[in-house]
Structures are given as structure tokens and as C-alpha cells.
Amino acid sequence: MKEAVAGTLESGDIFVRIGPGEGLQIDLQSSVAAQFGRQIKEVIGETLKELGISDAHVSAVDKGALDCTIRARVTAAAVRSSGKDVWKD
Amino acid sequence: MRNSKVLSLEEAIRRSGLKDGMTISFHHHFRGGDKVVNLVVDCLARMGFKDLKLAASSLSDVHSPLIGHIKNGVITGISTSGLRGELADAISHGLMDSPVVFRSHGGRGSAIANGELKIDVAFLGASASDELGNACGVPRSENAKSICGSLGYALPDARYASHVIVLTDDLVPYPNLPAGIRGADVESVVVVDSVGDSSKISAGAIRDSKNPRDILLAKQAAKVVINSGLFVDGFSIQTGTGGASLAVVKYIREEMIARGIKASFALGGITAHMVKLHEEGLIGRLIDVQSFDKVAAQSIASDPSHVEVSAVEYASGQHTGSATHALDIVILSALEVDTDFNVNVLVGSDGVIRGAIGGHQDTAEDSALSIIVCPLLRGRIPCVVPKVTTLITPGKSVDVVVTEYGIAVNPNRPEIAERLKAAGLKLVDIKELADKARSVIGTPDPLPFGDKVVGVVMNRDGSVLDKIYNIRD
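Here we summarise the structure given alongside this text.

What counts and what doesn't
- Residues numbered from 1 in each chain as written.
- Chains lettered and ligands numbered in written order.
- Predicted model: local features only at pLDDT ≥ 70, side-chain atom pairs only at ≥ 80, totals over all residues.
- Helix = DSSP H or I, 4+ residues; strand = E, 2+ residues; numbered from the N terminus.
- Rg over C-alpha atoms; globule rule 2.2 N^0.38 Å.
- Buried ≥ 20, exposed ≤ 12 C-beta atoms within 10 Å, placed from the backbone.
- Contact = placed C-beta atoms within 7 Å.
- Expected span 1.5 Å × (residues − 1).
- Pairing = 2+ DSSP bridges.
- Axes fitted to C-alpha atoms, helices over the stretch in contact; angles between N-to-C directions.
- Nonpolar A, V, L, I, M, F, W, Y, C, P; charged D, E, K, R; others polar.
- Core = buried A, V, L, I, M, F, W, Y, C linked by C-beta atoms within 7 Å.
- Parallel < 35°, antiparallel > 145°, perpendicular 65-115°, else oblique.
- Left-handed = near helix turned anticlockwise from the far one by under 90°.

## Structural notes on the overall build of chain A
Phase 1: Of the regular secondary structure elements, chain A holds two helices and four strands.
Phase 2: Ordered by position in the sequence, the α and β elements of chain A form the string β-β-β-α-β-α.
Phase 3: For 89 residues, the compact-globule estimate of 2.2 N^0.38 gives 12 Å, and chain A sits close to it at 12 Å.
Phase 4: Here the C-alpha coordinates of chain A stretch approximately 35 × 25 × 20 Å along the principal axes.
Phase 5: Out of the 89 residues belonging to chain A, those deemed buried represent 34%.
Phase 6: Taking all contacts inside chain A whose residues are at least 6 apart in sequence as the whole, residues at least 24 apart take part in 74%.

So this is what it looks like as C-alpha cells:
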């Protein structure tokens, strides 16, 4: 697993950086942290779990992304990080 | 000239009789380009004043230096229509010991006129003034440095404040007439380098949108107007500052031309869009309390049927002759609308103050038809919610809510619902809109509000509508 990123800092998007880690550590900065920080971390965690990733350091900068966007960006970053193409395999 | 009132700022302040604890006032016609508030409050701080109450018609990003003056005790009270930027953020986090008092533009006009908001010294920026204080917001000489158009929000201050100081960046020969601020009301005139940066009067809240969602919203809102039953020759209209509510004008224009309908007047904050319709003969008069851009400011300077009105004449709920009482249709934006049609335009969904009441309360209540235009979601932030974060405009004043997921009509306006349905528009229950938003974003966690009151929202009749609590990080 190597450092990889996906997403942008545009409004409505989320920028996700994934790298090696022990256990799952998620650092989140979000423009909607007070109301949705907990849910966003849950979505990131669930998405990684579905991809079979349990050890990673995720740092994410969220600009109000919806769950579908969060899943897509986390998946893309994870694929780039692990080299395992979940869409092809 | 004989009897000239021109003084230095310090001397004008000394002669005003201003004392610690008194109330000073300002207008916000230069919006983000305002230079008067910071200049004057810096001067008052240097002169050693403390415990002053600042009564502004509104405050914006440019006024963040007030944070320092609040911390050092120069300013201990604020009343305003709105707050934005760092100052709003600091106040939301509990900067001040006494809460900010928020009033609508009409509510502020009423409060000044009836003595509830007593102004000791008004500091009023003007683009031109003569030596006796006849002052206006439009250029009157080749040396003019600024233009802001209507001085509507400054006119109650000029009339009712105990002492009035005009600040101008262009002193012109007497008589500078006609002038909204009359020399008879003015005690001193101060010449400064700049009262404001006119290029910034259309900054901030006002955007000309190319966003496809805003365009969709605008088209839907235009259909509501056109089919409301009020779209008849001689109707009157006002639009707010959101991208979509401004764009509505464009689509209404096309239909006015197609049907041969003309409006009698447009009211409120006047924009280039409204000026264009007026110049095309589609709108008879422009009644202007605030020129929202340079085109509007230039129009009021040269066009006798584009008239300046004070905040009292514009939207006072306590003066039956105010213009809102003659208004047919108003199109407004919102940060949040709830399932009781209550609207919030002041406090963001993160609990931080980020807006202004403006004329929202006034026009929604007095108009024959008030239309709120807002998207269902802004990013992950819902605009249609079960309950607004802060109550600004009560639901009984709000008639129609237009979103990209459907149009909701207040149940107390069944005749409007019938007309829109007959025109084939898709109406939805506002609760369905709130549910739709929730289904996409989930249920938000409650905001971390503290127990310190940082803001009090006044209704336009002078009663308290809601309180704003401090937000914790």
C-alpha cells in the first residue's frame, strides 16, 4: 500500500489521501463537521471495509460531499493506493 | 463659505458631544467597499472613547477590525441587519458580552423613527456633499471619487439622530441639491480621502448566476409569478439578492414582452436587471432603498423616475404608507425553510452567523405574494428542514417555496395553489421536500450550541422573534 489521493477541494467534493497505517485511522476536516462528521467517517470506514482494507491512514478534506461522492473518492484512492482494481477484478 | 460646517473628523466628534456609552450609527451602502465604519471607529478608539453602541444598517467582511475594538472595550453593543466574515464568526463564538440585536431594514427604520433605537451621533458617508451637509450617494462633480446610489438606509439616521456628521470624499459647492441627506439635519461635514470602494458594492451576497440549478430554479419561480394571478398589467415586484432570485427577472421579462404586460414599479435593492427593464419601458418606476450595483447607482443619478426612498418609506411595518404595503410580488432567497414555512436567512447550518435579515421579514409580510427560491441541498447542507436553526421570517408571511424538486404552497394560500396546479406546475407538500433532503444526507447531528445568547432577532414590530446562542468548535 502506497500513498494515493482522489477527489478535489471543490464545493460538494471530498479530497481523500490514503496511506499505510496500523488499524484504521481517519483524520477528517469538514465544512459540515459538526453535523455530519460522524456520518462521513462511518461512510469512509464502511467503504474501506467493503474493499477489505483494515489497516490504513486516511486524511480527508470534505467540502460538503454526499455519501455517494465520498464512497467514490475513497474507493478511487484505495484502488490507487493498493494497486488492486476493484472495478476490473 | 460663511457658515461652513466643514471640520476635521476629530473636531467634528469633539463638538458632537459624544460620550462613553452613547450610540453611533452608520449605513452600509458601500457594502464590502465601506471605509467609513473602520475609519471612524479607529478614530474614536484613538480619542479614548469606550462602551459605544454601534448601530449599523448592516456589517460585512470588511468590518473585521471591529473585533479589536470590541476586545478593547471601545464597542460594547451592536445592532445591525446582518453580519458576515470574521466578525460574524467571532461574535458567533461568544466575542461580545451583550448580544447583537438584529433588525430588518424596515424594522430598523421603525425603531429609529419611534425612538426605540436612539442614535446619538450618526456618521454618514456620502459621495458628494456641500459645506452645509446636503449630501447624496451619486457624483456631483468631475472630482467625484465614489458612487453608491441610493442612501435609503442612512436617511432615518439623518432625520432622527441627535447629531449628524456627514463624511464625504467630494466636497462640492452649495447647493448640492436635490440631496437625500438635507443640510438642515446635518451638524458637521468631514472631508476624507475615500468613503468607500464603489467597485465592491455588488460584491458579497449578490451573484449573477450561470449555475444550471439556479437557472432551473429561476425558471420555476418565473412560472409561479406568471401563473399566480397577480401577473397583470400594473403589477409590482421586488427581488432579493440570491443568484436564482435575480435570474428570475430575466424570465419574467420575456413573458412581460410576450403578453404586453408592464409593471408599475420595482422596489427595494435595485439591480442592473431592473434598470434594464425600466429603460425598456417594462417597469414604470424604480423605488430604490439601496442600489445593488454600479448600473443601478448610475441610473438613480440621472433618471428622475428612479427614486430614492428611506428605510422607513421602503418597509416600515409601523408606517402604513411604506412601499412594501403596495408591493404585489417579492422573490426572496433563504438559507433554510422549515416545514412550517418559517425562513432563516441569518444563521448558517453550522450555527455561525453568515447573512442578513435585509428586507426579508418586511417584504414577505406586506407583499401580496412572497416566493422563496432555494435549492433542496447546498452540498450536504439541507435548505428544507424540519425546523429552522434561527427564525427570521415567520411562516405565516411565506406563501410559496420553489425548489428544484418541486414547488410547495403554504396551506393558508389555497387560491395560489389552485392557480399553479391549473397551470400544470408540480406542487409538493413541504414535508416531502424535507424528507427528500433527509433521505439524501442522513440526519444531521445537533449543533454544539452553548448557553450564551450572542444575538437577538427582532421582528419588525419590535418584539423578539428568536435568540442566537454561541457555537462551540
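So much for the structure itself; the text now carries on.
## Examining the overall build of chain B
Phase 1: Along chain B, the regular secondary structure elements total 14 helices and 26 strands.
Phase 2: Computed over C-alpha atoms, the radius of gyration of chain B comes to 22 Å, within 12% of the 23 Å expected from 2.2 N^0.38 for 473 residues, which places it in the range of a compact globule.
Phase 3: Projected onto its principal axes, the C-alpha positions of chain B cover 70 × 55 × 35 Å.
Phase 4: Here chain B holds 473 residues, and 59% of them are scored as buried.
Phase 5: Within chain B, contacts between residues separated by at least 24 positions form 74% of all contacts whose residues are at least 6 apart in sequence.

## Some words on helix α1 (residues 33-50) of chain A
Since the α-helix packs 3.6 residues into each turn, any two residues three or four apart lie on the same face.
All names here are of chain A.
Phase 1: A rise of 1.5 Å per residue sets the reference length of α1, with its 18 residues, at 26 Å; its end C-alpha atoms lie 24 Å apart and thus fit the reference within 8%.
Phase 2: What α1 keeps buried is the set A34, Q35, F36, I40, K41, V43, I44, T47 and L48.
Phase 3: Residues of α1 that are buried make contact with β3 (24-30), β4 (56-62) and α2 (67-82).
Phase 4: In the segment just after α1, G52 is the residue with positive phi, at about 75°.

## Side note on the environment of B:H63
All names here are of chain B.
Phase 1: Looking at the secondary structure, you find H63 in the loop between β2 (52-56) and α3 (66-71).
Phase 2: Owing to 27 C-beta atoms within 10 Å, H63 belongs among the buried residues under this scheme.
Phase 3: Remark: the alpha-carbon pair of H63 and L87, spanning 24 residues in sequence, is separated by 6.8 Å.
Phase 4: Non-local contacts of H63, meaning those with residues more than four positions away in its chain, are made with V37, N38 and L87.

## Details of the sheet that holds β2(B)
All names here are of chain B.
Phase 1: Spatially, the nine strands line up as an open sheet ordered β10-β9-β6-β1-β2-β3-β5-β25-β26, and their pairing is mixed. Edge positions in the open sheet fall to β10 (188-191) and β26 (464-471), since each of these has one partner strand only. Neighbour-to-neighbour, the strand axes of this sheet turn through a mean angle of 25°, independent of strand direction.
Phase 2: Pairing between β2 and strand β3 (residues 75-80): four bridges, direction parallel. Bridge pairing links A55 to S79 in β3.
Phase 3: In the packing of helix α1 (residues 9-16) onto the sheet, contacts are made with β6 (121-126), β9 (163-168) and β10, and the angle to β10 comes to roughly 160°.

## Section: helix α8 (residues 243-259) of chain B
All names here are of chain B.
Phase 1: Over its 17 residues, α8 extends 26 Å from the first C-alpha to the last, a length consistent with the 24 Å expected when each residue adds 1.5 Å.
Phase 2: For α8, every residue scored as buried is listed here: G243, A244, S245, L246, A247, V248, V249, I252 and M256.
Phase 3: Against α7 (212-226), β11 (235-239), α9 (272-279), β15 (329-332) and β19 (369-373) lie the buried residues of α8.
Phase 4: Positive backbone phi, approximately 70°, marks G260, located one or two places after α8.

## Remarks on the interface of chain A and chain B
Phase 1: Of the residues lining the interface, 12 residues belong to chain A; the matching set on chain B comes to 12 residues.
Phase 2: Looking at side-chain class alone, the side of chain A that touches chain B contains five nonpolar, five polar and two charged residues.

## Considerations on the sheet that holds strand β22 (residues 384-385) of chain B
Residues and elements named next belong to chain B.
Phase 1: Within the open sheet, the three strands sit side by side as β17-β16-β22. Their pairing is mixed. In this open sheet, the two strands that pair with only one neighbour each are β17 (343-344) and β22.
Phase 2: Across two bridges, strand β16 (residues 336-338) lies against β17 in antiparallel orientation. Within β17, the position partnered with V337 by the bridge is V343.

## Considering the nonpolar core
For soluble globular proteins, the rule of thumb is that nonpolar side chains tend to be buried together.
Residues and elements named next belong to chain B.
Phase 1: By size, the foremost hydrophobic cluster in this structure holds 173 residues, and its most contacted members are I181, A221, I371 and I372.
Phase 2: At seven residues, the largest contribution of residues to this core is made by α8.
Phase 3: For I181, the contacting residues outside a window of four places in its chain are L124, A126, G133, N134, A135, C136, L151, A154, L155, A158, V166 and V186.

## Some thoughts on the packing of α8(B) against α9(B)
All names here are of chain B.
Phase 1: One can describe the packing of α8 onto α9 by two numbers: an axis separation of 9 Å at closest approach and a directional angle of 20°. On the basis of the axis angle, α8 is roughly parallel to α9. Relative to α9, α8 is oriented so that their crossing is left-handed. Of the residues in α9, those touching α8 at L246, V249, K250 and R253 are H273, M274 and L277.

## Digging into the pairing of strand β24 (residues 406-409) of chain B
Phase 1: Where strand β23 (residues 400-403) of chain B and β24(B) come together, four bridges link them in antiparallel fashion. For B:V401, the partnering residue across the bridge sits in β24(B) and is B:A408.

## Let's talk about unusual backbone geometry
Residues and elements named next belong to chain B.
Phase 1: Here the residue pair Y174 and P175 is connected by a cis peptide bond, since its omega of 0° sits within 30 degrees of zero.
Phase 2: Looking at the element boundaries, P175 is found in the loop between β9 and β10.
Phase 3: The omega angle of the peptide bond from L177 to P178 is 0°, so this bond is cis rather than trans.
Phase 4: Structurally, P178 can be placed in the loop between β9 and β10.
Phase 5: Notably, R31 is not glycine yet its phi reads approximately 45°, a positive angle.
Phase 6: If you trace the backbone, R31 turns up in the loop between β1 (23-26) and α2 (36-46).
Phase 7: Even without glycine at this site, F341 takes up a positive phi of about 70°.

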